[in-house]
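If you want the building blocks of each chain, they are given just below.
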Amino acid sequence: ACDVVSGGETNAVVIPSKTIPQGLVAAMMFNPEVDMEVNINEMTEALSIVKTGQVTFSIKDTTVDGVQVYKDQFMGIFDKEIVCCQKDKVDAAMELLDKMTDSMSSIITVIIGEDVSNEEEERITNLINEKYGSEIDIDIKSAETKSFLVLFGCLAIKVEQAKGKPNCDKFNNKTINGLMIEK
């Protein structure tokens, strides 16, 4: 994206997001009613408040930062650090989500992809609703993707950051969490 914008005739700026959750949060911070410089600053600042995690398949036995990882199991990675390894992808997702949520969490988004069975989908839905449903808004979606097993995004946004942003009506001073699970 940077190569397309640099030296081109288009008046555009690339926000240097590194993860899907960062890109989504930066896009939600866009406000068409302010000038480009304000948008660039707010969208770039939003990147620093996003926590990213994913569940992925382990290809070998190893120990990383005190976490024992076994081949053919599911690792939970939170901000580039392996925080858990489980035989079951749903268990790995829940342990990772537990490590990413806190008292400020207010929304969990679940995107279920192609390589999650119907039973696993039902299990993750039930577990998240049981554990977080009374205190946190939960949004569950399906996606046709094989790009990842599980992808989480968490952010903390202040009320004043969200005010006036067309895409931030639900934001408050709590953390927003996103969970994507490949079906």
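As a reminder, the structure under discussion sits directly above these lines.
These lines cover the structure that appears in this document, whether it is placed above or below. Since we're looking at a predicted model, the values are computed, not measured.

Criteria and cut-off values
Residues numbered from 1 in each chain as written. Predicted model: local features only at pLDDT ≥ 70, side-chain atom pairs only at ≥ 80, totals over all residues. Heavy atoms only, no water. Core = buried A, V, L, I, M, F, W, Y, C linked by side-chain atoms within 4.5 Å. Buried < 20%, exposed > 50% of the residue type's maximum accessible area, 1.4 Å probe, protein only. Helix = DSSP H or I, 4+ residues; strand = E, 2+ residues; numbered from the N terminus. Expected span 1.5 Å × (residues − 1). Arc of directions from axis to C-beta. Pairing = 2+ DSSP bridges. 1 Å grid on protein atoms, 1.4 Å probe; cavity = no way out; pocket = protein on both sides within 12 Å on 5 of 7 lines; lining within 4 Å. Points joined across faces, edges and corners; volume = space filled by probe spheres on them. Nonpolar A, V, L, I, M, F, W, Y, C, P; charged D, E, K, R; others polar.

## Quick notes on the nonpolar core
Then, number 1: Counting residues in hydrophobic clusters, the biggest one holds 20 residues, and the most contacted among them are Val-55, Met-94, Leu-96, Ile-108, Ile-124, Ile-128 and Tyr-132.
Then, number 2: At the level of secondary structure, the elements contributing two or more residues to this core comprise β4 (74-78), β5 (81-86), α4 (89-100), β6 (105-112) and α5 (118-132).

## Quick notes on α5
Then, number 1: Helix length check: α5, at 15 residues, gives a terminal C-alpha distance of 21 Å against a target of 21 Å (1.5 Å per residue), a fit within 8%.
Then, number 2: Three or more residues of α5 are buried, namely Glu-120, Ile-124, Thr-125, Ile-128 and Tyr-132. Each buried residue of α5 lies within a common arc of 135° when the element is viewed along its axis, so the set occupies one face. Seen from the open side of α5, the exposed residues pointing more than 90 degrees away from its buried face are Asn-118, Glu-119, Glu-122 and Glu-130.

## Here's the deal with the pairing of β4
Then, number 1: Across the 5 residues that make up β4, a large majority, 5, are buried.
Then, number 2: The pairing of strand β1 (residues 50-57) with β4 spans 5 bridges and is classified as antiparallel. Residue pairing in the sheet places Phe-57 in a bridge with Phe-74 of β4.
Then, number 3: Strand direction decides the pairing type here: β4 and β5, joined by 5 bridges, are antiparallel. Paired with Phe-74 across the bridge in β5 is Gln-86.
Then, number 4: Where β4 folds back onto β5 in an antiparallel hairpin, the turn is made up of 2 residues, including Asp-79, whose phi is positive at roughly 45°.

## Overview of the layout of surface pockets
It is the rolling of a water-molecule-sized probe over the atoms that shows where space remains empty.
Then, number 1: The calculated volume of the second largest pocket comes to roughly 240 Å³.
Then, number 2: Taken together, 11 residues make up the lining of the second largest pocket; nearest its centre are Lys-18, Thr-19, Thr-52, Asp-79 and Lys-80.
Then, number 3: Per-element tally for the lining of the second largest pocket: the top contributor is β1, with 4 residues.
Then, number 4: Looking at side-chain class alone, the lining of the second largest pocket contains 3 nonpolar, 5 polar and 3 charged residues.

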